[in-house]
Amino acid sequence: MSVLELKHITTTVNAGTSEEKQILKDINLKLNDGDFVTLLGTNGAGKSTLLNTINGSLAPTTGKVVLDDKDLTSLSEVKRAKYISQVFQDPKMGTAPRMTVAENLLLATKCGKHRGLKLRGLDKHMDKFSRETAQLPNGLNDRLNTFVGNLSGGQRQTLSFLMATINKPDLLLLDEHTAALDPNTSRGLLELTAKVVREQKLTCVMITHQLKDALKYGNRTIILNSGKIVLDISGEKRKHLTEDDILQYFTD
Ligand SMILES: Nc1ncnc2c1ncn2[C@@H]1O[C@H](COP(=O)(O)OP(=O)(O)OP(=O)(O)O)[C@@H](O)[C@H]1O
């Protein structure tokens with residue numbers, strides 16, 4: 001079971017100064033087990049801030065983040081990594097460039113399970129990593145011993161995605177994870193995302209600026225505008241939603 005609840009989340013930055021800004025405004029949201037949410041909104045609407053509040057890299061000013069009845073609000077980002085995985089837009093984030101693909105996968109496998117970053121026992125994992133990368137686009141399985149810094153952006157982002165899902169996280173956060181990739185590579189990673197989320201029955205939030213992708217993938221679409229949820233739609237109603245309908249929620 002992976003149920004995420006956001007209760008009265010408000011995020012104010014630069015409080016008490018002339019730069020004070022309320023980014024998130026009383027966000028209340030419940031994600032059900034297995035929900036795959038596509039999250040849309042104009043630049044600056046607060047989408048990344050929302051994901052950062054969930055992953056613990058940003059503390060909300062008020063409100064609670066609850067996962068499976070556990071209150072995570074005061075838990076550090078590192079401690080939340082046991083439950084929550086994230087893939088970022090920048091292919092350089094989330095992987096260690098001076099380590100090989102296999103070493104990165106071993107790190108991800110051990111994440112949250114051991115103290116320190118011991119990389120013993122790589123040999124016994126190699127067959128498993130070969131199998132796991134064999135299904136992936138971009139020929140990653142031929143690159144298990146390549147330093148990650150020498151991979152293409154697409155290969156690196158595919159690796160980041162595999163690392164984020166290798167331990168079946170309770171919650172997967174994707175912050176425009178295909179935006180820096182060429183159209184074909186982006187499509188390949190989105191299809192892989194849909195397959196893995198379906199097969200592992202993950203609960204997932206994916207930020208995208210592509211309206212088509214927001215409607216094609218996932219079972220639920222949420223639109224943020226100026227720090228508020230202005231649309232939260234799923235089921236039959238979502239099937240009839242058009243790109244023009246969505247654009248109406250983007251206005252000030
Ligand atoms: N630490 C901060 N200090 C000041 N302002 C911030 C801070 N973090 C975010 N903001 C501002 O809050 C607003 C929301 O930012 P956020 O990155 O969450 O938006 P977004 O919806 O993800 O946008 P984009 O689509 O451009 O990625 C922006 O105006 C941003 O400049």
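Check the entry above for the structure.
First things first, this report covers the structure right here in the doc. (Residues numbered from 1 in each chain as written. Predicted model: local features only at pLDDT ≥ 70, side-chain atom pairs only at ≥ 80, totals over all residues.)

**Looking at the overall build of the chain**
- A tally of helices and strands in the chain yields nine helices and ten strands.
- Whereas a compact globule of 252 residues would reach a radius of gyration of roughly 18 Å, the chain reaches 18 Å, a difference of no more than 12%.
- With the C-alpha coordinates of the chain rotated into their principal frame, the extents come out at 55 × 40 × 35 Å.
- Here the chain, with 252 residues, has 38% of them falling under the buried criterion.
- In the chain, of all internal contacts separated by at least 6 residues, the share reaching a separation of at least 24 is 67%. (Helix = DSSP H or I, 4+ residues; strand = E, 2+ residues; numbered from the N terminus. Rg over C-alpha atoms; globule rule 2.2 N^0.38 Å. Buried ≥ 20, exposed ≤ 12 C-beta atoms within 10 Å, placed from the backbone. Contact = placed C-beta atoms within 7 Å.)

**Quick look at the packing of helix 3 (residues 101-110) against helix 5 (residues 153-165)**
- Packing of helix 3 against helix 5 brings their axes to within 8 Å, and their N-to-C directions diverge by 25 degrees. With respect to their mutual orientation, helix 3 and helix 5 come out roughly parallel. You can see that helix 3 and helix 5 cross each other, and the crossing is right-handed. The residues of helix 5 that touch helix 3, namely those facing Val 101, Asn 104, Leu 105 and Ala 108, are Leu 159, Leu 162 and Met 163.
- A breakdown of the residues in the contact of helix 3 with helix 5 according to their chemical character gives six nonpolar, one polar and no charged. (Axes fitted to C-alpha atoms, helices over the stretch in contact; angles between N-to-C directions. Parallel < 35°, antiparallel > 145°, perpendicular 65-115°, else oblique. Left-handed = near helix turned anticlockwise from the far one by under 90°. Nonpolar A, V, L, I, M, F, W, Y, C, P; charged D, E, K, R; others polar.)

**A few points about the site of the ligand**
- Residues in contact with the ligand, as listed here, are Val 13, Asn 14, Lys 21, Ile 23, Gly 41, Asn 43, Gly 44, Ala 45, Gly 46, Lys 47, Ser 48 and Thr 49.
- Every element with two or more residues in the shell around the ligand is listed here: strand 2 (21-31) and helix 1 (47-55).
- Ranked by the residues each element gives to the shell around the ligand, the list is headed by helix 1, at three residues.
- Taken together, the residues that form the shell around the ligand break down as three nonpolar, seven polar and two charged. (Near = placed C-beta within 6 Å.)

**Description of the sheet that holds strand 6 (residues 84-87)**
- As summarised here, the arrangement of the six strands in space is 6-7-8-3-9-10, forming an open sheet in which the pairing is mixed. Each having just a single partner strand, strand 6 and strand 10 (228-234) make up the two edges of the open sheet. Along the sheet, successive strands turn relative to each other by an average axial angle of 20 degrees, direction set aside.
- Note that strand 3 (residues 36-41) and strand 8 (residues 203-207) share four bridges and pair parallel. Within strand 8, the residue paired with Thr 38 across the bridge is Met 206.
- Its contacts with the sheet place helix 1 against strand 3, strand 6, strand 7 (171-175), strand 8 and strand 9 (220-225), and it is angled at close to 150 degrees to strand 7.
- On the sheet, helix 5 packs against strand 6 and strand 7 and is oriented at approximately 175 degrees with respect to strand 6. (Pairing = 2+ DSSP bridges.)

**A word on helix 4 (residues 122-134)**
- Given a rise of 1.5 Å per residue, 13 residues ought to cover 18 Å, and the 18 Å separating the end C-alpha atoms of helix 4 matches this to within 8%.
- The sharpest bend along helix 4 reaches about 30 degrees and sits at Lys 128. (Expected span 1.5 Å × (residues − 1). Bend = angle between axes of the 7 residues up to and from the residue.)

**Re the sheet that holds strand 4 (residues 62-67)**
- Spatially, 2-1-4-5 is the arrangement adopted by the four strands of the open sheet, whose pairing is antiparallel. Strands at the two margins of the open sheet, each flanked by one partner only, are strand 2 and strand 5 (70-71).
- In the sheet, strand 1 (residues 4-13) pairs with strand 2 via seven bridges, with the strands oriented antiparallel. Bridge pairing in strand 2 links Leu 6 to Leu 29.

**Structural notes on the environment of Leu 241**
- Take Leu 241: it is sitting in the loop between helix 8 (235-239) and helix 9 (243-247).
- In this structure the C-alpha to C-alpha distance between Leu 241 and Leu 215, which are 26 residues apart in sequence, comes to 7.8 Å.
- Setting aside anything within four residues of it in sequence, one finds Leu 241 in contact with Leu 215, Ile 233 and Ile 246.

**Observations concerning the nonpolar core**
- Of all hydrophobic cores here, the largest spans 55 residues; its most connected members are Val 37, Leu 39, Leu 105, Leu 172, Leu 173, Cys 204 and Met 206.
- Setting aside residues no more than four positions away along its own chain, Leu 172 makes contact with Ser 85, Ala 164, Thr 165, Val 197, Leu 202 and Cys 204. (Core = buried A, V, L, I, M, F, W, Y, C linked by C-beta atoms within 7 Å.)

**A look at the pairing of strand 4**
- Sheet topology note: the strand 1/strand 4 ladder contains five bridges and is antiparallel. Counted as the bridge partner of Leu 6 is Val 65 from strand 4.
- When strand 4 meets strand 5, the two strands line up antiparallel, connected through two bridges. Counted as the bridge partner of Leu 67 is Lys 70 from strand 5.

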